[in-house]
Amino acid sequence: MHWKNIKDKVLIFGEDDYVFADMFVSIINEYDKIVTNEDLRRYTFKMLEELMDENLIKVYLLNDNAKDLQINLYDYSSKQNKMDLIILLDKKWRQINYRLPQPNELFWITADL
């Protein structure tokens, strides 16, 4: 699948509901250029960054230290906040050995069209 189609698919799913990290990563995995897990990691973050740069999504971080799942809207209005988010998500994803995350892990997004 081509990059634009991948982006459109993410946004379509996010119009009416949350796109959990597992779904986001699975959609990115459909990209034609993904061969290795490193490709998947790199393109996942590239798409997330592109969507944020274009202000097409809202990003939610999950509080994984609480008994009850808590989601918090992430403010990515500055370039530094975007970089910090990518670093944080990469760290958390690395902790689970870059496996496909569970729906309650890492992040959620919604389309903000």
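Below or above, wherever it landed, is the structure these notes cover. Predicted, not measured: the structure shown is a model, and the values here were computed from it.

Side note on the sheet that holds strand 4 (residues 107-111)
Strand order in the open sheet formed by four strands is 1-4-2-3, and the pairing between neighbours is antiparallel. At either end of the open sheet lies a strand with only one pairing partner, and these are strand 1 (19-20) and strand 3 (70-74). Taken together, the five bridges between strand 2 (residues 57-63) and strand 4 define a ladder with antiparallel strand orientation. When the sheet's bridge partners are listed, tyrosine 60 is paired in strand 4 with tryptophan 108. Across the sheet, helix 1 (residues 3-16) is in contact with strand 1, strand 2 and strand 4; its angle to strand 4 comes to roughly 85 degrees. Sitting on the sheet, helix 4 (residues 79-95) is in contact with strand 2, strand 3 and strand 4, with an inclination near 45 degrees to strand 2.

Structural notes on the nonpolar core
One finds Phe24, Leu48, Ile57, Val59, Phe107 and Ile109 to be the most contacted residues of the largest nonpolar core, which totals 34 residues. When contributions to this core are tallied by element, the ones reaching two or more residues are helix 1, helix 2 (21-28), helix 3 (37-53), strand 2, helix 4 and strand 4. Top element by residues in this core is helix 3. It accounts for seven residues. Look past the residues within four positions of leucine 48 in its chain and what remains in contact with it is Phe24, Ile57, Val59, Ile86, Leu89, Phe107 and Ile109.

Thresholds applied
- In every chain, residue numbers begin from 1 and rise along the written sequence.
- With pLDDT at 70 or above as the cut-off, local features in this predicted model cover only qualifying residues; side-chain atom pairs require 80 or more to be listed or tallied, and sums for whole chains, interfaces and linings still use all residues.
- Only hydrogens and water are removed before side-chain values are computed, so all heavy atoms of the structure are retained for them.
- Pairing between strands is defined by DSSP: at least two bridges between the two strands are required.
- Strands are runs of DSSP state E lasting at least 2 residues, helices are runs of H or I lasting at least 4, and numbering of each runs from the N terminus.
- What makes two residues a contact is simply this: any of their non-hydrogen atoms within 4.5 Å.
- The angle between two axes is taken between their N-to-C directions and runs from 0 to 180 degrees, where each axis is a line fitted to C-alpha atoms and a helix contributes only its stretch in contact.
- Residue types Ala, Val, Leu, Ile, Met, Phe, Trp, Tyr and Cys, when buried and joined through side-chain atoms within 4.5 Å, form a set referred to as a nonpolar core.
- Buried residues are those whose accessible area, probed at 1.4 Å on protein chains only, stays under 20% of the maximum for their type, while exposed residues exceed 50% and partly exposed ones sit between those limits.

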